[in-house]
Amino acid sequence: MVFRKVFLAAIGVLIAIVVGSLTQLKGIAQSPTDLDLAVYHAPIHYQDTDSTKYSGDYITRIDYDQDWRGTNNWDNLQQFALNAHAYYSVVETCTHKFITYSFFHPQDWTDIPFDQEHENDLEGLLAIVRKDGSTFGKPEGVVTVFHNDFYSYTPVGSPLRSGTQNIDGTLTMSSYNGSQHPLTTQEAKGHGLKAWPNAGNFKGASNEDGIIYYPSKTTTELPSSGNDRNVQYLLLDVFAPSGVWQHQLDEASLSSSSALTFASWGTFKGDSTGGCGAGAPTCSTNSANAPWGWDDSNDGAVYKGEMALDPAHLTDVYFDGLGNFDTTYIRNQFIKDLSDRGYNSANLPQGWPTQINLNVLSGKLKNQCS
């Protein structure tokens, strides 16, 4: 009898351990990491290339040349491998997760007389994902960066409707590695980004110059040429230690002459060395922006950098049909890090946009959902 009781007790403990483990695994499955989330929703990216200088259209990382100096990226284009990378950040409200993606090119270049080029180029998009109870959420729309204009797209079935800004088209989705991914595309040379096939001259046909990039959380590949149809790009967290956001924070109060990477808040340093502007084109300096410096020149009450810093506000202004929609954040490392560094309306980073009240922005952080 004693043995039977001990045996049953042991079986009970074992069952409890198994049930607990399964519950824990289920919790893990329902709580993906930001990298898992970013890869799941990341674009399959069509990059138009120009045979005059294919390498000028390869996407890569900002420190591809093994340093963070903004003024030698143009110069070093032919000296280092241009392995494929893209950047992402995730912020979260009680109803949505917002993911920015950005693609870096060392040169925004041209071979057209009297046109303009500049060192460094970072353009991208915002993905709007509803927390619908599924593991990764449901994509409702994207807003892309095309130079100084933003363009909005929604997938079939999205509830979003045009708000103060018109929706510019339907977002094409394609299956890859077990999930549906939006198709995006960038021009050659200037690298303006829209939903596929609305920018550049590359749609994937065999007689067109271009590269198709696919997202990965483990692998970065170098295109075999300017006509490679399967290249994996590695996603890099903007908030990674010693990453691009960390460099911005470290230089946020420095003058342009003292800083290495940024000329001012959200704007990369860039000069005319290395041949930028050689010949007929001109070369502008300090002309590329980080996501917290992206700006649409005519979108009303949405200001420079809000696509990264306050994407819920941008979404609220741009779209109708949002339904249950929260505009405050349970996670926003941009805002938290600025506050932790002691920045506020009385102590602003150098070059901070005057239209954004940093105290009001900081007030949009909260600890939990009600």
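On a predicted model such as this, the values are computed, not experimentally measured, just so you know. The residue numbers shown here count from 1 along each chain, following its written sequence. Reporting of local features is limited, given that this is a predicted model, to residues whose pLDDT is at least 70; pairs of side-chain atoms are given and counted only at 80 or more, and all residues count toward the totals for whole chains, interfaces and linings. Each side-chain value is worked out from all heavy atoms of the structure, with water and hydrogens disregarded.

A. Looking closely at the overall build of the chain. Per the convention used, a helix needs a DSSP run of H or I reaching at least four residues, while a strand needs a run of E reaching at least two, with both numbered from the N terminus. Looking only at helices and strands, the chain has seven helices and 18 strands in total. With the radius of gyration taken over C-alpha atoms, the globule rule is written as 2.2 Å times the number of residues to the power 0.38. Compactness check: the chain gives a C-alpha radius of gyration of 23 Å against a globular reference of 21 Å for 370 residues, within 12% of the reference. With the C-alpha coordinates of the chain rotated into their principal frame, the extents come out at 95 × 55 × 40 Å. Buried, partly exposed and exposed residues are distinguished by accessible area as a fraction of the type maximum, computed with a 1.4 Å probe on protein chains only: under 20%, between the cut-offs, and over 50%, respectively. In the chain, which comprises 370 residues, the share counted as buried stands at 51%. Any pair of residues with heavy atoms lying within 4.5 Å of one another is described as a contacting pair. Residue pairs at least 24 apart in sequence account for 62% of intrachain contacts in the chain once pairs closer than 6 positions are excluded. Surface exposure of the chain reaches about 15,800 Å², of which carbon and sulfur atoms provide 51%. Think of it this way: Lys and Arg go in the positive column, Asp and Glu in the negative one, and His and the chain ends go nowhere. Lys charges are placed at NZ, Arg charges at CZ, Asp charges at CG and Glu charges at CD. Averaging the positions of the 23 positive and the 40 negative side-chain charges in the chain gives two centres separated by 13 Å. Reported accessibility uses the Shrake-Rupley method at a 1.4 Å probe radius. Residues are deemed covered only where the shown protein chains occlude them.

B. Quick look at the environment of Asn 227. Turning to its location among the elements, Asn 227 is positioned in the loop between β12 (210–216) and β13 (231–237). What makes Asn 227 partly exposed here is its relative accessible area of 31%. Asn 227 sits 40 residues away from Glu 187 along the chain, and the two C-alpha atoms are 14 Å apart. There is a polar contact of 3.0 Å between the side chain of Asn 227 and the side chain of Tyr 54. For this analysis, a polar contact is any N or O atom pair within 3.5 Å, provided that within protein one partner can donate a hydrogen and the other can accept it, and provided that sequence-adjacent residues contribute only side-chain to side-chain pairs.

C. Representation of the pairing of β13 in the model. When you tally the buried positions in β13, you get six out of seven residues, the bulk of the element. We call two strands paired when DSSP finds no fewer than two bridges between them. Of the pairings in the sheet, the one linking strand β2 (residues 85–93) to β13 comprises four bridges and is parallel in character. Across the sheet, residue Tyr 88 finds its bridge partner in β13, namely Asp 237. Pairing of β12 with β13, which is carried by four bridges, proceeds in the parallel orientation. Bridge assignment links Pro 215 to a residue of β13, and that residue is Tyr 233.

D. The arrangement of the packing of aromatic side chains in detail. Planes of paired rings set the category: under 30 degrees apart is stacked, over 60 is edge-to-face and the rest tilted, where pairs are Phe, Tyr or Trp rings (Trp by its six-membered ring) whose centres lie within 6.5 Å. Across all of its chains, the model carries 18 aromatic pairs by this definition. Between the aromatic rings of Tyr 46 and Trp 196, the centroid separation amounts to 5.7 Å while the plane-to-plane angle is 45 degrees, which identifies the pairing as tilted. Of this pair, Tyr 46 sits in strand β1 (residues 44–48) while Trp 196 sits in the loop between β11 (193–195) and β12, and the two are 150 residues apart along the sequence. Exposure remark for Tyr 46: the relative accessible area of 12% places this residue in the buried category. Three or more aromatic residues joined by ring pairs make a cluster, and in this case those are Phe 239, Trp 245, Phe 262, Trp 265, Phe 268, Trp 292, Phe 334 and Trp 352. Sitting over a ring, as applied to charges here, requires NZ of Lys or CZ of Arg to be within 6 Å of the ring centre and within 35 degrees of the ring normal. The side chain of Lys 194 reaches across the aromatic face of Phe 146, ending 4.5 Å from its centre.

E. View of the side chain of Asp 296. Relative to the helices and strands, Asp 296 resides in the loop between β16 (282–284) and α4 (306–309). Nearest to the buried, unbridged Asp 296 among oppositely charged side chains is Lys 194, at 11 Å. At 2.8 Å, the side chain of Asp 296 forms a polar contact with the backbone nitrogen of Asn 298. At a separation of 3.4 Å, a polar atom in the side chain of Asp 296 contacts the main-chain amide nitrogen of Asp 299. Those residues in contact with Asp 296 that lie beyond four places of it in its chain are Asn 148, Asp 149, Phe 150 and Tyr 318. The salt bridge criterion pairs a side-chain nitrogen of Lys or Arg with a carboxyl oxygen of Asp or Glu, the two atoms within 4 Å.

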